Amino acid sequence: MQHDLETRAATIDHSELRLWLRLLTCTSLIENRIRNYLRVEFDCTLPRFDLMAQLAKEPDGMRMGELSARLMVSNGNVTTIANQLEKEGLILRKVSSEDRRSTFLRLSAKGRRQFEKMAAAHEAWLQQMFSGLPGGNQKKLYNLLAELKQAALTSQA
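A. Layout of the overall build of the protein. Regarding its fold elements, the protein presents six helices and three strands. Listing each helix as α and each strand as β along the protein from the N terminus yields α-α-β-α-α-β-β-α-α. Relative to its full complement of 157 residues, the protein shows a buried share of 25%. Considering only residue pairs separated by 6 or more positions, the protein has 48% of its internal contacts joining residues 24 or more positions apart.

If you want it as structure tokens, here you go:
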């Protein structure tokens, strides 16, 4: 028997707790699978993939501070990953001519090619994982989660 967050909930627990644990369990299962696929197929971590994904959206590059904010991690975390990616030739680093304290990062041509392969595989993995949930149900779940998100944003604790 698999023990996860959801199995810790007892039938006497309130429905909100059970729902919250189910959401956490689903998120953890999917994220762990993606992490494993990235590691096995591309020798890549999820944080590296996420950083490259942000840079892929900005062909002209991004300031490291903006990248930290988008990824919701510290500047130190971004610096560590950026140093590794730069050593591998996957990103390029440029100091701003206007503000020497600002550094821009962008994907190199090699990095863009590598990311495109990973992004295509990532999409295929998600399609495979969600294939057991017919399209109509995917849309319903998406809409229900939008309602939950709005409720969580507007509720007062």
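B. Local environment of the side chain of T25. Mapped onto the elements, T25 comes out in helix 1 (residues 15-42). Of note is the side chain of T25, whose polar atom sits 2.8 Å from the backbone oxygen of L21.

C. How the structure looks around the packing of aromatic side chains. Evaluation of the coordinates by the stated rule reveals three aromatic pairs. Three or more aromatic residues joined by ring pairs make a cluster, and in this case those are Y37, F42 and W125.

D. Molecular detail of the pairing of strand 3 (residues 103-107). Burial of the side chains of strand 3 is restricted to one face: T103, L105 and L107 are buried, whereas none of F104 and R106 on the reverse face is. The pairing of strand 2 (residues 91-95) with strand 3 spans five bridges and is antiparallel. Note that in strand 3 the partner of R93 across the bridge is L105.

E. Just the packing of helix 1 against helix 5 (residues 109-130), in detail. Contact pair helix 1 / helix 5: the axes reach a minimum separation of 11 Å and the direction vectors enclose 140 degrees. One way to sum up the angle between helix 1 and helix 5 is to call them oblique. Considering how the two elements wind past one another, helix 1 and helix 5 form a crossing that is right-handed. Every residue of helix 5 that contacts helix 1 at I30, R33, I34, Y37, L38, E41 and F42 is listed here: Q114, K117, M118, A121, H122, W125, L126, Q128, M129 and F130. Tallied by class, the residues present in the contact of helix 1 with helix 5 amount to eleven nonpolar, three polar and three charged.

Analysis parameters
- Residues numbered from 1 in each chain as written.
- Predicted model: local features only at pLDDT ≥ 70, side-chain atom pairs only at ≥ 80, totals over all residues.
- Heavy atoms only, no water.
- Helix = DSSP H or I, 4+ residues; strand = E, 2+ residues; numbered from the N terminus.
- Buried < 20%, exposed > 50% of the residue type's maximum accessible area, 1.4 Å probe, protein only.
- Contact = heavy atoms within 4.5 Å.
- Polar contact = N/O pair within 3.5 Å; in protein donor to acceptor, adjacent residues only side chain to side chain.
- Phe/Tyr/Trp six-rings, centres within 6.5 Å; stacked < 30°, edge-to-face > 60°.
- Pairing = 2+ DSSP bridges.
- Axes fitted to C-alpha atoms, helices over the stretch in contact; angles between N-to-C directions.
- Parallel < 35°, antiparallel > 145°, perpendicular 65-115°, else oblique.
- Left-handed = near helix turned anticlockwise from the far one by under 90°.
- Nonpolar A, V, L, I, M, F, W, Y, C, P; charged D, E, K, R; others polar.

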